[in-house]
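Observations on the model geometry
One-letter residues, chain by chain:
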Amino acid sequence: MFAMGLTQLETIAIWAVFAVAWLGLGYAVFLRSQILREDKGTPKMQEVWNAIKDGADAYLRRQLRSILPLIAILTIALFLSVYIVPPSPEALERFSSSTPDQVRLIIGIARALAFVMGAGFSLAVGQIGMRMAVEGNVRVAAASKKSFADSLRIAYRAGTITGMLTDGLGLLGGTVIFIILGIAAPDALLGFGFGGTLLALFMRVGGGIFTKAADVGADLVGKVEAGIPEDDPRNPAVVADLVGDNVGDCAGMAADIFESYEVTIVSGLILGLALWHITGRLEWIIFPLMVRGIGVLSSIIGTYFVRGAKEGRGNDAMKSIFSGFLTSALISVILFAGAGFLYLNNPGMDQWGGWWRTPAAVAVGVLLAILIDRLTEYFTGTHAAPVNNIKKSADTGPATLILNGVSVGFESSVWAVIVIALTIVASIFIFGTIPGVTGANQVNFILYGVAMTGIGMLTLTGNNVAMDSFGPISDNANGIGEMAWSGLTDKKTKDAQQIMADLDAVGNTTKAITKGVAIGSAVIAAVSLFGSFLVDVSRAQETLNLPEADWIKNVGIRADHPQVFVGMLIGAALPWLFSSFAIQAVARAASLIVMEVRRQFKLGVLKGKVKPDYRQAVGISTTAAQKELVSLALLGIVTPIVVGLLLQVEALGGFLAGIILSGQLLAVFLNNAGGAWDNAKKLIEDEPRNPAKNLGKGSERHKAGVVGDTVGDPFKDTAGPALNPMIKVVNLVSVIIAPIIVQYAGATGTTLYIVWGVAIVLIGVLAWAVVRSKAPAPEMK
C-alpha cells in the first residue's frame, strides 16, 4: 500500500498514528456524552438558548449555500490543474506501472477528492464544534448556580470537543492520503490543505462580520445611548450578538486552527520529500506524522489538569487552563525526545547530523506556542500593565483610550515578530550546522526545520481550540444568565452572575491567546509554504530543462530584482486592502443594526409596550456576512494568479514574502489592540457602580470603554483573524500554480494570447470583487 519500502517499525508507526486519529475522535464523542448529561437550567434559560441555537443554525445553512458553487468550480479546476504540467517524479515512481496520462488522471482525482475532504473536514470541525459550544453554554450558566468549578469544567470540556475534532480529523486526513499515495502524497495534500484553508477563510470572514456587526450595533445603542446593561433582554440586537459569538469565535476559529494544522503538515511533508531526495531517508517524512499523533495523546491527558476550586475566581481559571496547557506541552516534549531517540537514532541519520535535530526543532515550536501565549496574555490580560493603562486613560475620554490601545497593539506586533524571528534563527542553528551540508541543500534543511517548528507549535491544537471555544461559551453563558435572570437580586443569582462574569473575562484573554497562536502558526506555516514554493519552482525548472533563474539562485530570492520588488510591494498591500473591506462591511452592517435598534426603542421596547423583535438584527447580520463571503475570498485566490501570469514567477516569490511580513504585523496589531480594549472595558464594568463618582457601569469612563471596545471588535474578531487563512490561501494557491507559471513563462503565439486572456478575465473578477465589497448592504424591510 505504501510502496515506499517502509521498515516494520515505520509501518507500525503509521498505523498507530492512524489509530490515534480515531482515538481523538472517540474522545470527542465521549466528552459530548458527558456535556449532554448536564442540567440545562430553567425554562427561561432554555428559551434564550433555543433562540441562539436557531439563529446560529440558520446562519450556517445559508453560508453553506453561498459557498458551495465556488467549491464546485475549484474542485474541477484542481482536477484539471494536473493536466497542464508533467506529472511529478514521485507520482511517476509511485505509479510506475501506469502511463503518464494515467498518472495524471490518478493524481487529478486524488487532488480534487483531497480538496473536497479538506473542505468537508474544515466545515465539520466548524459546524459540529459550534453546535457543541451552543450545547455547552446553557449548561455552564446552569452550573454557575452550583459552583465555579463545575462551570469551568463544563466550559473547558465543551471546547475540548472541538479541539479533539480538529486533532482527529486533521490527523486522519493527512494519514489516509499518505497511506494511499505514499511519496506522491504531497500532490494531493496541497488540495487537502487548500480545501481546509478556503473553508476557514469563508467561516472567518462571514462569522467575523456577523458577530461584530451585531456586537457593535448592540453596544452603541444599548450601552452608550440607552444606558442599559450588556445582554439586556430588551435590546433587539442581543440575540444576534450571542449568535455571532458562536458563528464567529467557535465555528470560525475552529476551522482556522484546523487549516493551520493541515497546512503545517502539508509543508512539512513537501519539504521532507525534498530531504528524502537529498538523503534517501524516509525519516524526514514519517516523523512529522508521529509528532502529530503524540500531540493528540498529550492534549487528551492535559484536559484533566484543568480544574478549578469550588469557590474560585477568574485568576484561578486562567491558572488552571494554563496548567493543563503546560502539562500537555511537557508530556509532548518528553515523548518527542523518546520517539526521536528510538526512531531516528540510527547510522543512516547519524551522517545527517544525528537524531536530536528534528525533535529539537519540534520542541522549539512548542516553546514558541508558550511564548506567544504569555506575550499575548501580557498585552491583553486584565492583570498586566497595558490593559490597566488603557483603563486609566478612560479618565480623559474615548480619544485617549483609543490612542493608548493603538500603541499597545503596535508594540505587541514588534515583540511577536521578534519571537518568531528567534524561532527561525533557532532552526538555522539546529539544521544549518550539519557537517557537509551547504548551499541549496542547507537551505532545504533549514526550511524543513521551520516546518517542524510549525508542527510543534500546533502539537497542542486540542488545548488551543479548547481555550478559544472557552471564550464564546463563557460569553454566551453570561448572556443567557443576564437575559434569563433579569430582575433577580438574590445572593445565589448574584454569585452565579459574578462567576460567569469572571469566566467571561478569562475567555476574552484565552481567545486573544489562541488568536495569537493562530497568527504565529500562520506565519510559520507561510514561511514553510514559501520554502515549498521555492523547491517546487526549482524542480519545475529542472523537469522542463530550464536554467535556474537568476532571482532564485541557491533556492532564495533577491530583493534587488525589479520584478521581485514589485511583487513584494503588491503582496505587502493585500492584507491592508482585505482588512479595509472586512471592517467596512462591519461598519455598514452595524449602522443598519443601530438604526433598527433605535427604531424598536421608539416603539416602546424599553418601556415594555412591545416585545423586541430579535429576528431583524439576525437577518441584517446574516445578509451582510453572506454578501462579503465570495468577494473577499476571491482576493486571496485570484490575486496571486494574476501576479504570476503577468509578472512571472519571480514576482510571485516577492509577493509571498511581502504578504507574510505585512500580514503578520497587521494581524497581531489588530488582534491585541482589540483584545486590550475589550478587557479594559470589562475592568471598568467590574468597578462598584457609581456614575456620580465616574465609576463602573453607566459612568462616562464606561462609555469611553465601550467606544474603545466597539472600535476594537472588528479588529480582533473580523479583520485580524481572517488574515490568517487569507495568507495561507495565497501561499497554497501560489505553490499549486508555480509549476504552471514556470512552464508558460516563455510562451509565444497562441499560447501567449491564451495566458493574457486568462489574466484579463481574472482582473475582471478582481474588479468585481472590489466593487461588490464596497457596495452597501441591502436594507432590511
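These numbers were taken from a predicted model, which means no experiment stands behind them.

Side note on the overall build of the chain
If you tally the helices and strands in the chain, you get 20 helices and 0 strands. Over its C-alpha atoms the chain spans a radius of gyration of 26 Å, differing by no more than 12% from the 28 Å that the globule rule assigns to 781 residues. For the chain, the spread of C-alpha atoms along the principal axes amounts to about 80 × 55 × 40 Å. Considering only intrachain contacts with a sequence separation of at least 6, the fraction spanning at least 24 residues in the chain is 85%. A total of about 26,300 Å² of accessible surface is found on the chain, and carbon and sulfur atoms cover 65% of it. Each charge class in the chain was averaged separately, 60 positive and 58 negative side chains, and the resulting centres sit 6 Å apart.

Here's the deal with the packing of helix α13 (residues 398-431) against helix α18 (residues 614-685)
At a minimum axis separation of 7 Å, α13 and α18 run at an interaxial angle of 135°. As summarised for this structure, α13 and α18 are arranged oblique, according to the angle between their axes. Our pair here, α13 against α18, has a crossing hand that is right-handed. On α18, the residues that touch Leu401, Ile402, Gly405, Val406, Val408, Gly409, Phe410, Ser412, Ser413, Ala416, Val417 and Ile420 of α13 are Gln664, Leu665, Val668, Phe669, Asn672, Ala673, Ala676 and Trp677. Here the contact of α13 with α18 is composed, by residue class, of 14 nonpolar, 6 polar and no charged.

Remarks on the packing of aromatic side chains
Applying the stated criterion across every chain yields a total of 21 aromatic pairs. Taken together, a centroid distance of 5.5 Å and an interplanar angle of 85° make the contact between Trp284 and Phe445 edge-to-face. With Trp284 in helix α8 (residues 283-303) and Phe445 in helix α14 (residues 439-457), this residue pair connects regions lying 161 residues apart in the sequence. For the pair Trp284 and Phe445, a shared accessibility class is recorded, and that class is buried. The rings of Trp284, Trp352, Phe431, Phe445 and Tyr448 are connected pair by pair, giving a single aromatic cluster.

A closer look at α14
Its 19 residues give α14 an end-to-end C-alpha distance of 27 Å, which sits within 8% of 27 Å, the value for a rise of 1.5 Å per residue. Burial of α14 is extensive: 14 of the 19 residues sit out of reach of the surface.

What about the nonpolar core?
Counting residues in each nonpolar core, the largest one holds 260 residues, and the members touching the most others are Phe194, Phe202, Phe287, Phe431, Phe533 and Phe578. For this core, the leading source of residues is α18, giving 33 residues.

A closer look at helix α2 (residues 43-81)
The end-to-end C-alpha separation of α2 is 55 Å, in line with the 57 Å expected for 39 residues at 1.5 Å each. In the structure, α2 departs most strongly from a straight axis at Ile67, where the bend amounts to approximately 35° and where the proline Pro69 lies between one and four residues downstream.

Some details on the pattern of salt bridges
Between side chains of opposite charge, a pair can form when the charged atoms approach closely. According to the stated counting rule, one finds 28 salt bridges in the structure shown. We note a salt bridge from Lys212 to Asp713, for which the minimum N-O separation is 3.6 Å. Taken together, the residues Lys212 in helix α6 (residues 185-225) and Asp713 in helix α19 (residues 700-743) connect sequence positions 501 residues apart. When sorted by exposure, Lys212 lands in the same class as Asp713, which is buried. Between Lys716 and Asp678 there is a salt bridge; the shortest N-O distance is 3.3 Å. Note that Lys716 is positioned in helix α19 and Asp678 in helix α18, a separation of 38 residues in sequence.

Brief notes about the confidence of the model for the chain
Looking at the chain as a whole, the pLDDT averages 85, with 95% of positions reaching at least 70. Averaged pLDDT values over the elements of the chain bottom out at 79 in helix α16 (residues 491-543) and peak at 93 in helix α12 (residues 385-393). The model gives residues 549-555 a pLDDT under 50, and that stretch makes 28 contacts with residues more than four places away or in other chains.

As for the environment of Thr453
Locating Thr453 in the fold gives a position in helix α14. In this structure the C-alpha to C-alpha distance between Thr453 and Ile424, which are 29 residues apart in sequence, comes to 8.4 Å. Sequence-distant contacts of Thr453, defined by excluding residues within four places in its chain, comprise Ala361, Val364, Gly365, Thr423 and Ile524.

Quick notes on unusual backbone geometry
With phi around 75°, Gln648 is a residue other than glycine that occupies positive phi space. Secondary-structure assignment places Gln648 in helix α18.

A few points about the environment of Arg131
Residue placement: Arg131 occurs in helix α4 (residues 100-143). Along the primary structure Arg131 and Thr264 are separated by 133 residues, whereas in three dimensions their C-alpha atoms are 27 Å apart. Residues contacting Arg131, with those up to four places away along its chain left out, are Asp57 and Leu60. A distance of 3.3 Å separates a polar atom in the side chain of Arg131 from a polar atom in the side chain of Asp57.

Considering the environment of Gln497
The topology assignment puts Gln497 in helix α16. Sequence spacing of Gln497 and Ala512 is 15 residues, and the spatial spacing of their C-alpha atoms is 23 Å. Apart from the residues lying within four places of it in its own chain, the contact partners of Gln497 are Asn478, Gly481 and Trp485.

Considerations on the side chain of Glu90
With respect to the helices and strands, Glu90 occurs in helix α3 (residues 89-94). With relative accessibility at 3%, the residue Glu90 sits in the buried group. For Glu90, the residues in contact, after removing those within four places along its chain, are Ile183, Ala184, Leu273, Trp276, His277 and Arg539.

Re the side chain of Ser144
Structurally, Ser144 can be placed in the loop between α4 and α5 (148-181). If sequence neighbours within four positions are ignored, Ser144 has contacts with Ser151, Trp485, Ala496, Ile499 and Met500.

Structural notes on a nonpolar patch on the surface
Side chains of Ile76, Leu80, Tyr83, Leu105, Ile109 and Leu113 sit close together on the surface and give an oily, nonpolar patch of about 560 Å² of accessible area. Sorting the residues of the nonpolar patch by element identifies α2 and α4 as the ones contributing at least two each. Element by element, the count of residues in the nonpolar patch is highest for α4, at 3 residues. You can see Leu113 is positioned in helix α4. With relative accessibility at 57%, the residue Leu113 sits in the exposed group.

Remarks on the packing of helix α1 (residues 8-36) against α8
Contact pair α1 / α8: the axes reach a minimum separation of 9 Å and the direction vectors enclose 30°. Compared by their axis directions, α1 and α8 come out roughly parallel. Crossing angle aside, the handedness with which α1 passes α8 is left-handed. Mapping the contact onto sequence places Glu10, Ala13, Ile14, Val17, Val20, Leu23, Gly24 and Tyr27 in α1 and Glu283, Ile286, Leu289, Met290, Gly293, Val296, Leu297, Ile300 and Thr303 in α8. Here the residues of the contact of α1 with α8 are counted per class, giving 12 nonpolar, 3 polar and 2 charged.

Basis of the calculations
Numbers given for residues are sequential positions, taken from 1 along each chain in its written order. Only residues with pLDDT of at least 70 are given local features in this predicted model, and only at 80 or more are side-chain atom pairs given and counted; all residues enter the totals for whole chains, interfaces and linings. Values reported for side chains reflect all heavy atoms of the structure, with hydrogen atoms and water molecules removed beforehand. Helix and strand assignments follow DSSP, with helices taken as H or I runs no shorter than four residues and strands as E runs no shorter than two, numbered in order from the N terminus. Here the globule rule reads 2.2 Å times residues to the power 0.38, and the radius of gyration is calculated from C-alpha atoms. The contact criterion used is simple: two residues touch if any of their non-hydrogen atoms lie within 4.5 Å. Exposure was quantified through the Shrake-Rupley algorithm and a 1.4 Å probe, taking into account, for residues, occlusion by the shown protein chains and nothing else. In this tally Asp and Glu are treated as negative and Lys and Arg as positive; neither His nor the chain ends contributes. Here the site of a charge means NZ on Lys, CZ on Arg, CG on Asp, or CD on Glu. Inter-axis angles, ranging from 0 to 180 degrees, are taken between N-to-C directions of lines fitted to C-alpha atoms, where helices are fitted over the stretch in contact. An angle counts as roughly parallel when it lies under 35 degrees, as roughly antiparallel when it exceeds 145, as roughly perpendicular when it falls between 65 and 115, and as oblique in every other case. It is the rotation of the near helix from the far one that decides the hand of a crossing: anticlockwise by less than a right angle makes it left-handed, clockwise makes it right-handed. Residue classes follow a fixed rule: Ala, Val, Leu, Ile, Met, Phe, Trp, Tyr, Cys and Pro count as nonpolar, while Asp, Glu, Lys and Arg count as charged, and any other residue, Gly among them, counts as polar. Note on ring pairs: Phe, Tyr and Trp rings are taken, using the six-membered ring of Trp, and paired if centres are within 6.5 Å. Classes follow the plane angle, with under 30 degrees stacked, over 60 edge-to-face and the rest tilted. Partly exposed residues are those whose accessible area sits between 20% and 50% of the maximum for their type, while under 20% is buried and over 50% is exposed, using a 1.4 Å probe and protein chains only. The length a helix should cover is 1.5 Å for every residue beyond the first. Nonpolar core, defined: a set of buried Ala, Val, Leu, Ile, Met, Phe, Trp, Tyr and Cys residues in which side-chain atoms within 4.5 Å join the residues together. The bend at a residue is defined as the angle formed between two axes, one fitted to the seven residues ending at that residue and one fitted to the seven starting there. One speaks of a salt bridge when a side-chain nitrogen belonging to Lys or Arg is within 4 Å of a carboxyl oxygen belonging to Asp or Glu. What pLDDT expresses is the predictor's confidence in each residue, scored from 0 to 100. Counted as a polar contact is a pair of N or O atoms within 3.5 Å, where, for protein atoms, one must be capable of donating a hydrogen and the other of accepting one, and residues adjacent in sequence contribute only when both atoms are in side chains. Patch membership is restricted to residues that have no salt bridge and whose relative accessible area is over 30%. Joining uses 9 Å for like charges and 5 Å for the nonpolar side chains Val, Leu, Ile, Met, Phe, Trp and Tyr.

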